[in-house]
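Summary of the model geometry
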Amino acid sequence: MNEQISDQQINAAGHLTIGGCDAVDLAHRFGTPLVVYDVQQIRNQIRAFKQVFEENSVDYAVSYASKAFSAIAMYQVVAAEGAHVDVVSGGELYTAIKAGFPMANVSFHGNNKSREELEMAIDHHVGTIMIDNFHEIELLADVLEEHDAHVDVMLRITPGISAHTNKYIQTGQVDSKFGFDLQSGQADEALTKVLENPRMQMKGLHAHIGSQIFELAGFEGVAKKLVEVAAHWQEKFNYQAAVINVGGGFGIRYVKDDTPLAPEEFVAAIIKAIKTEIKETNLAMPAIWIEPGRSIAGPAGYNLYTVGSRKDVPGLKPYVTVDGGMGDNIRPALYEAQYETVLANNPRAELVEHVRVAGKYCESGDILSQNQALPATKPGDVLAMLDTGAYGYSMASNYNRNPRPAVVFAEKGTAQVVIKRETYDDLIHLDEPYQQ
Ligand SMILES: Cc1ncc(COP(=O)(O)O)c(C=O)c1O
Ligand SMILES: N[C@@H](CCCC[NH3+])C(=O)O
């Protein structure tokens, strides 16, 4: 029996529900593979983060890292909940613009923003540019001059902290492609350049140590480090940081063995660490910004699949194959990420076997789960993979020319398509015949 499914999520028919909608009905109505978000859960997590700051009387911004899942509908929900967003590309920015997201609450990240992307940000009055490197300082200075514009900026520093997580998703260690190095004096040099430029308003400093982190120490360490840098900048440059942004990375539970604190508990510890450190300095308490992506989008998302073929070989774990796979969720193949999967039409059914949930892609590594306990299944059954809302659809591909799934938002018993399923015509839409 899966502990991630509460009794309230099972309806009278014994089916899994998502946002009050029957998951089997959703699969039949919209087809599979299908990505479904429980919108209330997105709202609840944003509210939980905001509440921690409010209870601690700290000026703050909860800035949803939209790389976890970007869609017009998602920006609308985040805006309605009064959170900010961070974007990392012209495409995410464009989507936020089309959603009518308040541009003052957008932060633009990225370690190689192009001139066109920076121009787009300046033209649309993006709130904050998160400067990552010296090339960007020059490029932004040029764009601001040409557009006769001003903008708030923050400097991303590399805090020199190796977070305890998969090495592919660590970002804060000294040897990282992101941000200004501290020890070699690059961060100081970057600050000098920004302070010299009257078109850049230096708002504060940022660091992000990685993703899917379970341990408090990394977050407390980054909080402490950022205050140290802020104190050093005040002493050396007489510069007062108005904002300290500690990034995101709060780990979530995917499988039974994952036992993270609740995401908002990480944030409470960060606030405490910053408050404690600030007392050791003459700094005024800055605003604290966080950038959670996974913890807002992840637990709210479900991938629904229909069971098709099956392969049994004596002595080997069976393969139960579904109609999606690495094209809609690359994380198991890329990071050996693990998920829980349940039978949507009877999540409480007795578990009778351990199987591999295989995808339909032409790749041996396309296994969504290596060891999933399941009840008896047959072709046509609907499986629901849990906690797929972050970095699932957002990293989806058209490998094997499979169309990407539809995305549905479910709330209070109503379901709406927020991203249509791709069609075969969508797949060839950009193709041009070769004139040979
Ligand atoms: C700068 C920055 N902020 C926030 C995030 C969001 O991280 P997560 O989804 O783990 O909360 C990332 C991704 O790791 C990031 O690079
Ligand atoms: N895409 C990664 C996280 C990277 C976060 C972005 N810096 C994942 O699925 O876990």
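Residues numbered from 1 in each chain as written. Chains lettered and ligands numbered in written order. Predicted model: local features only at pLDDT ≥ 70, side-chain atom pairs only at ≥ 80, totals over all residues. Heavy atoms only, no water.

Quick look at the packing of aromatic side chains
Where we set the bar: Pairing of aromatic side chains requires ring centres within 6.5 Å, counting the rings of Phe and Tyr and the six-membered ring of Trp. Pairs whose planes differ by under 30 degrees are stacked, by over 60 edge-to-face, and all others tilted. Helix numbering and strand numbering both begin at the N terminus, where a helix is a DSSP run of H or I of at least 4 residues and a strand a DSSP run of E of at least 2. The rule is simple: take the accessible area with a 1.4 Å probe, protein chains only, and divide by the maximum for that residue type; under 20% is buried, over 50% is exposed, in between is partly exposed.
Within the structure shown, the criterion is met by 14 aromatic pairs. Taken together, a centroid distance of 6.2 Å and an interplanar angle of 80° make the contact between phenylalanine 69 and tyrosine 393 edge-to-face. Highlighted residues: phenylalanine 69 in the loop between β4 (60-65) and α3 (72-80) and tyrosine 393 in the loop between β18 (382-386) and β19 (406-411), separated in sequence by 324 residues. With respect to burial, phenylalanine 69 and tyrosine 393 carry one shared label: buried. Pairing phenylalanine 219 with phenylalanine 250 gives two aromatic rings, centres 5.0 Å apart and planes at 45°, and the pair type is tilted. Residue phenylalanine 219 is located in helix α8 (residues 216-237), and its partner phenylalanine 250 is located in the loop between β11 (243-245) and α9 (263-279); the two are separated by 31 residues in the primary sequence. Of the two residues, phenylalanine 219 and phenylalanine 250, both sit in the buried class. The rings of Tyr37, Phe69, Tyr393 and Phe409 are connected pair by pair, giving a single aromatic cluster.

Description of α8
We apply this condition: Given the number of residues in a helix, its expected span is that number minus one, multiplied by 1.5 Å.
The end-to-end C-alpha distance of α8, which contains 22 residues, comes to 31 Å, matching closely the 32 Å that a straight helix rising 1.5 Å per residue would cover. Buried residues of α8: Gly218, Phe219, Val222, Ala223, Leu226, Val227, Val229, Ala230, Ala231, Trp233 and Gln234, and no others.

A few points about the side chain of threonine 321
The test is simple: The contact definition used throughout considers only heavy atoms, calling two residues in contact when any of these lie within 4.5 Å.
Relative to the elements of secondary structure, threonine 321 occurs in strand β14 (residues 319-322). With relative accessibility at 16%, the residue threonine 321 sits in the buried group. Look past the residues within four positions of threonine 321 in its chain and what remains in contact with it is Thr306, Val307, Gly308, Ser309, Ala358, Gly359 and Lys360.

Here's the deal with the pairing of strand β17 (residues 367-374)
The line we're drawing: Only when DSSP finds a minimum of two bridges between them are two strands counted as paired.
Of all eight residues in β17, six are buried; the element is thus mostly enclosed. Inspection of the sheet shows strand β16 (residues 353-358) paired to β17 by five bridges, in the antiparallel sense. Pairing of alanine 358 across the sheet is with isoleucine 367, part of β17.

Examining the UniProt feature "modified residue: N6-(pyridoxal phosphate)lysine" (unreviewed entry) in the chain
Note the cut-off: UniProt positions are given in the numbering used here, feature names are shortened, and annotations may be inferred rather than shown by experiment.
Here the UniProt-annotated "modified residue: N6-(pyridoxal phosphate)lysine" (unreviewed entry) positions come out as Lys67. For lysine 67, a relative accessible area of 30% translates into the label partly exposed. For lysine 67, the residues in contact, after removing those within four places along its chain, are Asp86, Val88, Glu92, Tyr391 and Ser394.

Concerning empty space enclosed by the protein
The criterion, for reference: As defined here, a cavity is a set of points on a 1 Å grid over the protein atoms alone where a 1.4 Å probe fits but cannot get out. A pocket is an open set with protein on both sides within 12 Å along at least five of seven lines, and residues line them when an atom is within 4 Å of a point. Grid points are joined across faces, edges and corners, and a volume is the space filled by probe spheres set on the points. Ten residues, namely Ala, Val, Leu, Ile, Met, Phe, Trp, Tyr, Cys and Pro, are considered nonpolar, four, namely Asp, Glu, Lys and Arg, are considered charged, and the remaining ones, Gly among them, are considered polar.
Counting across every chain of the model gives one cavity of 30 Å³ or more. Space inside the largest cavity adds up to approximately 30 Å³. Ala230, Gln240, Ala241, Ile244, Ile278, Leu283, Ala284 and Pro286 are the residues that line the largest cavity. When the residues that make up the lining of the largest cavity are grouped by side-chain class, the tally is seven nonpolar, one polar and no charged.

Remarks on the site of ligand 1
Worth spelling out the cut-off: A single heavy atom is enough: if one lies within 4 Å of a molecule or strand, its residue is considered near that molecule or strand. Polar contacts, as counted here, are pairs of nitrogen or oxygen atoms within 3.5 Å of one another; within protein the pair requires one atom able to donate a hydrogen and one able to accept it, and residues that are adjacent in sequence qualify only if both atoms are side-chain atoms.
In the vicinity of ligand 1 there are 15 residues, among which His208, Ser211, Glu291, Arg294 and Tyr391 approach most closely. Between ligand 1 and the protein, one listed contact pairs an oxygen atom with a side-chain N or O atom of lysine 67 at 3.2 Å. Histidine 208 places a side-chain nitrogen or oxygen 2.7 Å from an oxygen atom of ligand 1. Grouping the amino acids of the shell around ligand 1 by side-chain chemistry returns three nonpolar, seven polar and five charged.

What about the site of ligand 2?
Taken together, seven residues are adjacent to ligand 2, and Arg294, Arg331, Tyr335, Tyr391 and Met395 come closest. Within the side chain of arginine 331, one N or O atom sits 2.5 Å away from an oxygen atom of ligand 2. One of the side-chain N or O atoms of tyrosine 335 is found 2.9 Å from a nitrogen atom in ligand 2. Its residues assigned to classes, the shell around ligand 2 shows four nonpolar, no polar and three charged.

With respect to the layout of surface pockets
Within this model, the second largest pocket holds a volume of roughly 650 Å³. Lining the second largest pocket we find 31 residues, and of these Val255, Tyr339, Glu340, Asn371 and Gln372 sit closest to its centre. Broken down by element, the residue count for the lining of the second largest pocket peaks at eight residues, all from β17. For the lining of the second largest pocket, the class distribution of residues is 15 nonpolar, ten polar and six charged.

Let's talk about the pattern of salt bridges
Put simply, the rule reads: Salt bridges are counted wherever a side-chain nitrogen of Lys or Arg sits within 4 Å of a carboxyl oxygen of Asp or Glu.
Going through the model one piece at a time under the given rule, you end up with 18 salt bridges. Residue glutamate 146 is joined to arginine 115 by a salt bridge in which the shortest nitrogen-to-oxygen separation is 3.6 Å. Pair noted here: glutamate 146 is in helix α6 (residues 134-146) and arginine 115 is in helix α5 (residues 115-123), with a separation of 31 residues, a long-range link. Between lysine 225 and glutamate 228 there is a salt bridge, with its nearest N and O atoms 3.8 Å apart. Residue lysine 225 and its partner glutamate 228 are both found in helix α8; the two are separated by three residues, about one turn of the helix. When salt bridges with common partners are traced through the structure, they connect Arg43, Arg47, Glu81 and Glu411 into a single cluster.

Here's the deal with the pairing of strand β7 (residues 128-131)
Each regular strand carries side chains that alternate between the two faces of the sheet. Counted only if it meets this: With the strands pointing away from the viewer, any crossover whose connection runs clockwise from the first strand over the helix to the second is right-handed.
A two-sided burial pattern is seen for β7, the buried positions comprising Thr128 and Met130 on one face and Ile129 and Ile131 on the other. Where strand β6 (residues 106-108) meets β7, two bridges bridge the pair, whose relative direction is parallel. Bridging across to β7, phenylalanine 108 finds its partner in isoleucine 129. Handedness of the β6-α5-β7 crossover: right-handed. Relative to strand β8 (residues 151-158), β7 runs parallel, the two being bridged by four bridges. Following the sheet pairing, isoleucine 129 is matched in β8 by valine 153. Traced from β7 through α6 to β8, the parallel crossover comes out right-handed.

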